[in-house]
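The residues making up each chain are set out below.
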Amino acid sequence: MSLSERLHPGINLAGTDPESHEAAEEVLFGFWIFLMSDLVLFAVLFATYAAMSVQGIAEGPRPAEVFDLTAAFLETLLLLLSSCAFGFAMLEMKYRENRRGVLGWLLVTGLLGAGFVGMELHDYYVMITAHGAPPQASGFLSAYYLLTGTHALHVSSGLVWMAVMAVQVAALGMNPAVKLRLMRLALFWHMLDVVWIGIFTFVYLYGVVS
Amino acid sequence: MNWELVFGQIKWTSFVFAGMIENPSLSEAIASGAGSLAVLGAIATVILLTVKGWWVPLWRDWLTSVDHKRVGIMYIVVALIMFARAVIEAALMRAQQLSAYDGGGFLSADHFGQLFSTHGTIMIFFVAMPFITGLMNYVMPLQIGARDVSFPLLNAISLMLTVAGAMLVMVSLVVGRFSTGGWSAYPPFTGIEFSPDEGVDYWIWAVSLGSIGSTLTGLNFAVTIYKKRCPGMSLFRMPLFTWTTLCTSILMIFAMAPLTAATIMLALDRYAGFHFFTNGDGGNMMNYANLFWLFGHPEVYILILPAFGVWSEVVATYSSKRIYGYTSLVYATMCIAVLSFAVWLHHFFTMGQSANVNAIFGIATMIIGVPTGVKVYDWLLTMVGGRIRLSTAMLFHINFLLTFILGGMTGVLLANPGVDFQVHNTLFLVAHFHNMIIPGVLFGMFAAVQFWFPKAFGFRLHEGLGRASFWCFAPGFLLAFFPLYWLGMMGATRRTFEWSNPDYLPWLALAMLGAALILAGFAFMTAQFIVSVRRREELAAPLGDPWDGRALEWSIPSPPPAWNFAVLPQVTARDAFYEAKKDGTAYRSPAGYEDIEVPRNTATAPLIGLFACAWAFGLVWHIWWLAILSFVLIWAVVIARSFATDTEETVPAATVRAANEAFLAAVRAAPGVTRDQEMTAANRGRAIPESLEGGAGALAAGAAMEVTR
């Protein structure tokens, strides 16, 4: 099989590391399929939110009354920057096999991601205390907390995964298995970005406009 | 000391036996009896394993194995155990309905509600799903010439999650009660307001564990089929069972997520006071119906497609003919897979959407009959001019063709919203879906067991007892379910535990008779396993090809070695092994052998299954320390495993060579059997190929080839 046929989605290691590249084909393909299944879950949550943010308000507040666009915008920036930082970590892995470089950029990614989760928790706190809008208040808020909460849970799991990978990079070095895991984590992390763009647009922007 | 911190909501009255002591009745006695059976069964298993010294082999060879063949067999064992429970429950329900004329009967309404909920939940999630998954696990990698699935450990984890779910349902026999909300668990009845006890929670977590396992299975198999086919096996050379496995896997990847979403939302409503499906505060119970059937309808096809694959293999093999219309069967499979996502709304025609929406979904539903009809014609035409042997599997197939068409026709009736408004909540519906699932899925799986058993264990099943089980199952099914159509049209509602209309009685009696026959069929099947194991010497077929098989799985020894194929096969046509037998290239020694890497056994999967079961149990009973601890432990196992580096072992080329050459020598030395002898003791698994496609000349050539060997 020629090298071009073995190309896979994600960052290809062809020129620098043909062996891991060959092993990547199957696992990365599998991980893409997992992500597809995960995206179906998000699609279902989006659909539920779409119905409930209109019909599930009951006696509770409306979307425009509880959302803080500034905070959501800052969260978007943090998450996009973290994806960018992860990109640098992957470049370090591909071209330099530089442990320190990879670890450094992973740390930056992790801090930005943690900042995102922290800000989101703060949003929840403000919504519950200042606006009287806990998930138990209405169907709309239930759907809101589940959608954004599932995303936040994914980001948090990504952070735990990142911590484990940092230990593996430090302890096991840049072996093919570690590289492949980093590549999958990268796909996961970028997908969460994509989902968040959907949330920012659909939940926050539409919510405040309508 | 606060006992609730330790035991959550479990009290001594939670145990099923307490009901018998406090409030003795026949209904409670039956519940206690079932609970005792579960406990005694567990104790008996422990004693048996200890006395026979089987703990070590069980752990070493099975529970820790990641070999797709062993995983597949374990799946099917789970399915059969759960089948025993669910079929007994079915008979119990029939007996109750028969005896409940004018307020009689021996079960309480609540007990009856639990019975139909567990029966449905078990049959779908812990019989049908594990059965098809086990079969796909065993057969598909062999058919595509692969050494294993793409992710062997993930495969074992999927199994153990399913087992954890099944164990949770079994635990509900003893501790607490199960849901009374049916297998679909519609809120608001299943919400905390109307079902405040632990029953629905058992349902939620058992189903969630099973569905996570199925999602992982789907992605594993799809990747395996895309990436692990042997050289030359293009998509349109894949055996039809592999095709249906592919479509099923894709359905699993997409369809299980809505179920997970629905169960999570229901759990949040129940545990945390959210308002997804509640009556007030903006809840929307119709969204549950949408989410559940967005999974539930494709699920029907997840179950039926693998059975369609089995029928395609069975009918071609036992007719000694190439399958008629291979390409149309493939496209029909894909059409069905796509259409399965376009019809979910027919499950709630009567719940308030507009007439136009109903009409669209009604038409979409009827369209599924077209590709399914294509398949039926293909199977019929395969038999035309074939050399048909009425083996047990083939009997099941022919019975399936007749009964499945009847079920399909009542499905088209139900797809008409006007008719559906009349009969949707009656036994007519119950008759319809049992009419699809029993001949379609269950009989398909029974046929698959008859067909592939000699591949998995190296000996055939006793044919006489197989036929006896068929001759109970087939009429039993007709008697048990066809009266329900009539009852439904007379207005008998489903899930009803007592009656007052005397016109129902004769039909209920007939249905009871059918249930008894089905139980007899199951007894014969059990006897068939026992007798076959006892006579395994006489039934042995270690040479691997007892039925003159067509796909690659028949080209290797029975049971296959851990590495499946000594050398990865090279395929040039459909029906690869059959073609090789025809042109004389089968059973050739390869040019050379290489070392083979196989994954090492690991305790990862059983540990995850154990902790997942404990986690779910903790959640059901609000034992928070247990839930948190088990959840942490699950992920601790996953993370610890990711640090393991020595996960594979090497089988040296010499070992592979010795095993394979010994097998080939045995095959070459064997005389071979004709189709007339295939059910006799002479059948050691070397078939003389019977080629109908090539005409009489090829047949004679085949026989001549035998003589010259």
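Scoring rules and cut-offs
- Residues numbered from 1 in each chain as written.
- Chains lettered and ligands numbered in written order.
- Predicted model: local features only at pLDDT ≥ 70, side-chain atom pairs only at ≥ 80, totals over all residues.
- Heavy atoms only, no water.
- Helix = DSSP H or I, 4+ residues; strand = E, 2+ residues; numbered from the N terminus.
- Buried < 20%, exposed > 50% of the residue type's maximum accessible area, 1.4 Å probe, protein only.
- Contact = heavy atoms within 4.5 Å.
- Areas by Shrake-Rupley, 256 points an atom, 1.4 Å probe, with all protein chains shown as cover.
- Lys, Arg positive; Asp, Glu negative; His and termini not counted.
- Charge placed at Lys NZ, Arg CZ, Asp CG, Glu CD.
- Rg over C-alpha atoms; globule rule 2.2 N^0.38 Å.
- Buried area = accessible area lost by both parts, 1.4 Å probe.
- Polar contact = N/O pair within 3.5 Å; in protein donor to acceptor, adjacent residues only side chain to side chain.
- Nonpolar A, V, L, I, M, F, W, Y, C, P; charged D, E, K, R; others polar.
- Expected span 1.5 Å × (residues − 1).
- Bend = angle between axes of the 7 residues up to and from the residue.
- Salt bridge = Lys/Arg side-chain N within 4 Å of Asp/Glu carboxyl O.
- Patch = residues over 30% accessible without salt bridge, like charges linked within 9 Å, V, L, I, M, F, W, Y side chains within 5 Å.
- Disulfide = S-S within 2.5 Å.
- Core = buried A, V, L, I, M, F, W, Y, C linked by side-chain atoms within 4.5 Å.
- Pairing = 2+ DSSP bridges.
- Axes fitted to C-alpha atoms, helices over the stretch in contact; angles between N-to-C directions.
- Parallel < 35°, antiparallel > 145°, perpendicular 65-115°, else oblique.

Caption draft 1: Structural view of the overall build of chain A. Helix and strand counts for chain A stand at six helices and zero strands. In terms of overall dimensions, chain A has C-alpha extents of about 60 × 35 × 25 Å along its principal axes. Across the 210 residues in chain A, those meeting the buried criterion constitute 53%. Counting only contacts in chain A whose residues sit at least 6 apart along the sequence, the fraction spanning at least 24 positions is 77%. Accessible surface computed for chain A: about 9,000 Å², of which carbon and sulfur atoms make up 68%. Both charge centroids of chain A, one from 9 positive and one from 16 negative side chains, sit 11 Å from each other.

Caption draft 2: Fine view of the overall build of chain B. On a plain count of helices and strands, chain B comes out with 23 helices and two strands. In terms of overall size, chain B behaves like a compact globule, its C-alpha atoms giving a radius of gyration of 26 Å where 709 residues would be expected to give roughly 27 Å. Overall, chain B is about 80 × 60 × 45 Å in size when its C-alpha atoms are taken along their principal axes. Taken across its 709 residues, chain B has 57% of its residues classed as buried. Taking all contacts inside chain B whose residues are at least 6 apart in sequence as the whole, residues at least 24 apart take part in 81%. When the accessible surface of chain B is totalled, it reaches about 26,500 Å², and 70% of it is carbon and sulfur.

Caption draft 3: Layout of the environment of B:Ala480. All names here are of chain B. Summarising the element assignment, Ala480 is placed in helix H17 (residues 463-490). For Ala480 and Leu513, which are 33 residues apart along the polypeptide, the C-alpha to C-alpha distance reads 6.9 Å. If near-sequence neighbours (up to four positions away) are discounted, Ala480 is found in contact with Arg94, Ala511, Gly514, Ala515 and Ile518.

Caption draft 4: Region of the structure containing the interface of chain A and chain B. Taken together, the contacts link 32 residues of chain A with 32 residues of chain B. Summed over both sides, the interface of chain A with chain B buries roughly 2,700 Å², with 74% coming from carbon and sulfur. Where chain A touches chain B, the interface holds eleven residue pairs in polar contact (both at pLDDT 80 or more). Broken down by secondary-structure element, the contributors of at least two residues to the side of chain A that touches chain B are helix H1 (18-55) and helix H5 (139-172) of chain A. No other element matches the 16 residues that H1(A) contributes to the side of chain A that touches chain B. Looking at the side of chain A that touches chain B residue by residue, the classes come out as 19 nonpolar, ten polar and three charged.

Caption draft 5: Expanded view of helix H14 (residues 392-415) of chain B. Helix length check: H14(B), at 24 residues, gives a terminal C-alpha distance of 33 Å against a target of 34 Å (1.5 Å per residue), a fit within 8%. Taken as a whole, H14(B) carries its principal kink of about 25° at B:Phe400.

Caption draft 6: Layout of the pattern of salt bridges. All names here are of chain B. In the structure shown here, the tally under the stated rule is 18 salt bridges over all chains. Residue Lys69 is joined to Asp67 by a salt bridge in which the shortest nitrogen-to-oxygen separation is 3.2 Å. Looking at Asp67, the relative accessible area reads 14%, which means it is buried.

Caption draft 7: Highlighting a negative patch on the surface. A cluster of acidic residues, B:Glu594, B:Asp595, B:Glu597 and B:Glu648, forms a negative patch at the surface. Checked against the element boundaries, B:Glu597 lands in strand E1 (residues 596-599).

Caption draft 8: Quick look at the state of the cysteines. Residue and element names in this part refer to chain B. One pass over the full model with this rule turns up zero disulfides over all chains. No disulfide involves Cys335; its sulfur sits 9.7 Å from the nearest other cysteine sulfur, which is in Cys247. Taking the relative accessible area as the measure of exposure, Cys335 reaches 37% and is therefore partly exposed.

Caption draft 9: Up close: the environment of B:Phe341. All names here are of chain B. In this structure, Phe341 sits in the loop between helix H11 (326-339) and helix H12 (355-367). Between the C-alpha atom of Phe341 and that of Phe295, which follows or precedes it by 46 residues, the distance is 8.5 Å. Residues within four places of Phe341 in sequence aside, it is in contact with Leu251, Phe254, Ala255, Leu294 and Pro298.

Caption draft 10: The arrangement of a nonpolar patch on the surface in detail. Residue and element names in this part refer to chain B. A surface patch of nonpolar side chains, amounting to about 610 Å² of accessible area, comprises Phe15, Phe17, Val39, Leu40, Ile43, Ile47 and Val51. Considering every element that reaches the nonpolar patch, the biggest residue donor is helix H3 (residues 26-52), with five residues. Within the secondary structure, Ile47 sits in helix H3.

Caption draft 11: Molecular detail of the nonpolar core. A:Tyr144, A:Leu182 and B:Trp379 are the most contacted members of the largest nonpolar core, which totals 266 residues. Not counting chain neighbours up to four residues away, the residues in contact with B:Trp379 comprise B:Phe308, B:Trp311, B:Ser312, B:Val315, B:Ile323, B:Leu329, B:His397, B:Phe400 and B:Leu401. Of all hydrophobic cores here, the second largest spans eight residues; its members include B:Trp563, B:Val598, B:Val651 and B:Ala653.

Caption draft 12: Quick peek at the pairing of E1(B). Residue and element names in this part refer to chain B. A one-sided burial pattern is seen for E1, the buried positions being Ile596 and Val598 and the unburied ones Glu597 and Pro599. Two elements, E1 and strand E2 (residues 648-651), share four bridges in a ladder whose sense is antiparallel. Across the sheet, Pro599 pairs through a bridge with Glu648, a residue of E2.

Caption draft 13: Quick look at H5(A). For H5(A), which comprises 34 residues, the first-to-last C-alpha distance of 48 Å matches the rise-based estimate of 50 Å (1.5 Å per residue) to within 8%. Positive backbone phi, at 80°, marks A:Gly173, one or two positions downstream of H5(A).

Caption draft 14: Expanded view of the packing of helix H4 (residues 55-63) of chain B against helix H5 (residues 68-99) of chain B. All names here are of chain B. H5 packs onto H4 with a crossing angle of 115° between their chain directions and a minimal axis gap of 10 Å. In this view, H4 runs roughly perpendicular relative to H5, as classed from their interaxial angle. Touching Asp61, Trp62 and Leu63 of H4 are Arg70, Ile73 and Met74, all from H5. Split into classes, the residues belonging to the contact of H4 with H5 amount to four nonpolar, no polar and two charged.

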